[in-house]
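Listed below, chain by chain, are the residues.
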Amino acid sequence: MHAPVLAAVAGWALALGTTAACADAAASPDNAARGAALVANRNQGLCVLCHAVPGVAAPLHGSLAPDLAGVGARLSTAQLRERLTAPERFNPDSLMPSYRRSEGLTRVAAQRQGQPLFSEAQLDDVVAYLATLR
Ligand code: HEC
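A brief structural summary. All values reported here derive from a predicted model rather than from experimental measurement.

1. A word on the nonpolar core
Inference 1: Grouped together as the largest cluster of nonpolar side chains are 20 residues, with contacts concentrated most on Val39, Leu123, Val126, Val127, Tyr129 and Leu130.
Inference 2: Of all elements in the fold, only α2 (29-40), α4 (77-85) and α5 (120-131) reach the threshold of two or more residues within this core.
Inference 3: The element best represented in this core is α5, accounting for seven residues.
Inference 4: Ignoring any residue separated from it by four or fewer positions in sequence, one finds leucine 130 in contact with Leu68, Val71, Gly72 and Leu80.

2. Looking at the site of the ligand
Inference 1: Taken together, the neighbourhood of the ligand is formed by 24 residues, with Cys47, Cys50, Ala65, Ser94 and Met96 sitting nearest.
Inference 2: Elements that contribute at least two residues to the shell around the ligand include exactly α3 (71-74), α4 and α5.
Inference 3: For the shell around the ligand, a count of residues per class yields 18 nonpolar, four polar and two charged.

3. Overview of α4
Inference 1: Among all positions of α4, only Leu80, Arg81 and Leu84 are buried. What you see down the axis of α4 is that its buried residues fit within an arc of 100 degrees, all on one side.

4. A few points about the environment of valine 53
Inference 1: Among the secondary structure elements, valine 53 is positioned in the loop between α2 and α3.
Inference 2: A tally of 23 C-beta atoms within 10 Å means that valine 53 is categorised as buried.
Inference 3: Along the backbone, valine 53 and valine 39 are 14 residues apart, and their C-alpha atoms lie at a distance of 8.2 Å.
Inference 4: Discounting residues that sit within four places of it in the chain, valine 53 has contacts with Val39, Ala40, Cys47, Val48, His61 and Leu68.

Rules and cut-offs
Residues numbered from 1 in each chain as written. Predicted model: local features only at pLDDT ≥ 70, side-chain atom pairs only at ≥ 80, totals over all residues. Core = buried A, V, L, I, M, F, W, Y, C linked by C-beta atoms within 7 Å. Buried ≥ 20, exposed ≤ 12 C-beta atoms within 10 Å, placed from the backbone. Helix = DSSP H or I, 4+ residues; strand = E, 2+ residues; numbered from the N terminus. Contact = placed C-beta atoms within 7 Å. Near = placed C-beta within 6 Å. Nonpolar A, V, L, I, M, F, W, Y, C, P; charged D, E, K, R; others polar. Arc of directions from axis to C-beta.

Spelled out as structure tokens, the structure:
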């Protein structure tokens, strides 16, 4: 995605803020499909840097973090979302980045300043996908 598009998406996400619908009821197979693509994407989500993910070829994923197989059965959608937005609540020294935080970070590339890794809509999509991993 080009920087102006990313900036527009991030601006939109920030405008929605934390009042964005958590969208359990609205989660559809489309959400989950988009979430699956984000999780496997090695330029944006980069979850596979650390996690094994069902359906992603083994040589391509890391082993620093728990295998995400079955995570949808272990955690509720609210818990999954919190893992993505505030991983430090579960482990203050977590290696996992917050996919929502955009402040208090250091050494952020100029074109990414002030932008979260995921928009609220992308968080919804990734949570919808993780919830299918049972
Ligand atoms: C830099 C490494 C790293 C990246 C990138 C990363 N994680 Fe994590 N994640 C971890 C670690 C380590 C844990 C284990 C708990 C802890 O120490 O924070 C974890 C825990 C989790 C958990 C809880 C798992 C459980 O069984 O309790 C979920 C869900 C999760 N990550 C999802 C994701 C998703 C989805 C992405 C991509 C959008 C992602 N993570 C990206 C390192 C990472």
